[in-house]
Amino acid sequence: MTQIDCVITAAGLSSRMGQWKMILPWQDGIMLDASIKNARGFCSRIILVTGFRHQELAQRYIHDAQIKIVYNPDYQSGLFTSVQAGAAHVQTEYCFLTHGDLPCLDYAIFNTLWHLRGDYALMPHYQGKPGHPILLPRQRLLQASRLSHLRSMREALMAGEYRVCEINHPEIIFDIDTPEDFISLQNKTPDQLNDNP
């Protein structure tokens, strides 16, 4: 296992979904379980940023020594604040950054990006569409997290040194924002995950 932290944000209200997506049923658990499990297949520690329904997630993961739970009291101000909260707890030279609603990221994706790491934010794309996880040095993450006048963390990362990496893994863009997204992804077979979404 590579000694690297992975920040996973799970603080939002899921307003577009109509229900809280972090606990939607997925395989033999919930969606967030899958997102954490996948990241742990490559990373040594998960920094899980919570906000909405914090106590529920804290109780679920508090006894796992590989998960650092970070509460973001300002979560209603947007995703950027959750990334800022998680960034403050990164300890490794490099870190991954992703979200709790991407349950299909696998070892191969993390490994592919790891071998392309450098002194820049590495931002994966699938057929031109940006996805996750993002891999970057801890110092780049901290630098970007200070640019709170910008609209998003992606914009903050692009204000500094970054690289776009086109990879043939559609799973990197399978985030779940709406009920239609959830139904569509549940209906995909493993083979279909490798086809165009």
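Within an unreviewed UniProt entry, the label attached to the protein reads MobA-like NTP transferase domain-containing protein, and the organism entered is Atlantibacter hermannii NBRC 105704.

A. Expanded view of the pattern of salt bridges. Throughout the structure, instances matching the rule amount to seven salt bridges. R60 serves as the salt-bridge partner of D33, at 2.6 Å between the closest nitrogen and oxygen. Taken as a pair, D33 in helix α1 (residues 31-40) and R60 in helix α2 (residues 54-61) lie far apart in primary sequence, 27 residues in all. In this structure R60 comes out as partly exposed when scored by relative accessible area, which is 44%. R53 serves as the salt-bridge partner of E56, at 2.9 Å between the closest nitrogen and oxygen. Overall, R53 belongs to the partly exposed group, its relative accessible area being 34%.

B. How the structure looks around the packing of α1 against α2. Contact geometry of α1 with α2 gives a least axis separation of 12 Å together with a crossing angle of 50°. In terms of orientation, α1 lies oblique with respect to α2. Both α1 and α2 take part in a crossing whose hand is right-handed. Of the residues in α2, those in contact with L32, D33 and I36 of α1 are L57, R60 and Y61. For the contact of α1 with α2, a count of residues per class yields four nonpolar, no polar and two charged.

C. Up close: helix α5 (residues 138-145). Among the residues of α5, those classed as buried are R140, L141, L142, A144 and S145. Contacts from the buried residues of α5 go to α3 (79-87), β6 (94-99), β7 (121-126), β9 (134-137) and α6 (153-158).

D. Spatial organisation of the packing of α3 against α5. Taken N-terminus to C-terminus, the directions of α3 and α5 make an angle of 135°; their axes are 10 Å apart at the nearest point. Of the possible angle classes, the one that applies to α3 and α5 is oblique. For the element pair α3 and α5, the recorded crossing hand is left-handed. Of α5, the residues touching α3 (which contributes F80, V83, Q84 and A87) are L141, L142, A144 and S145. Of the residues belonging to the contact of α3 with α5, the class tally is six nonpolar, two polar and no charged.

E. Representation of the side chain of H132 in the model. Relative to the helices and strands, H132 is located in the loop between β8 (129-130) and β9. A polar contact of 3.2 Å, which involves the side chain of H132, links it to the side chain of H99. Excluding its chain neighbours within four sequence positions, the residues that come into contact with H132 are L97, T98, H99, L102, L105, P124, R154 and I172.

F. Highlighting the nonpolar core. If you look at the biggest cluster of nonpolar residues, it comprises 44 residues, and the most contacted ones within it are L32, L48, Y61 and F96. Sort the elements by how many residues they give to this core and α1 lands first, with five residues. Those residues within four positions of Y61 in sequence are excluded, and the remaining contacts are I30, L32, D33, I36, L48, I67 and I69. Of all hydrophobic cores here, the second largest spans 22 residues; its members include V49, F80, V83 and A156.

G. A look at the environment of A87. Looking at the secondary structure, you find A87 in helix α3. C-alpha separation for the pair A87 and L141, spaced 54 residues apart in sequence, amounts to 6.6 Å. Apart from the residues within four sequence positions on either side, A87 is in contact with L141, L142 and S145.

Rules used in this analysis
Residues numbered from 1 in each chain as written. Predicted model: local features only at pLDDT ≥ 70, side-chain atom pairs only at ≥ 80, totals over all residues. Heavy atoms only, no water. Salt bridge = Lys/Arg side-chain N within 4 Å of Asp/Glu carboxyl O. Helix = DSSP H or I, 4+ residues; strand = E, 2+ residues; numbered from the N terminus. Buried < 20%, exposed > 50% of the residue type's maximum accessible area, 1.4 Å probe, protein only. Axes fitted to C-alpha atoms, helices over the stretch in contact; angles between N-to-C directions. Parallel < 35°, antiparallel > 145°, perpendicular 65-115°, else oblique. Left-handed = near helix turned anticlockwise from the far one by under 90°. Contact = heavy atoms within 4.5 Å. Nonpolar A, V, L, I, M, F, W, Y, C, P; charged D, E, K, R; others polar. Polar contact = N/O pair within 3.5 Å; in protein donor to acceptor, adjacent residues only side chain to side chain. Core = buried A, V, L, I, M, F, W, Y, C linked by side-chain atoms within 4.5 Å.

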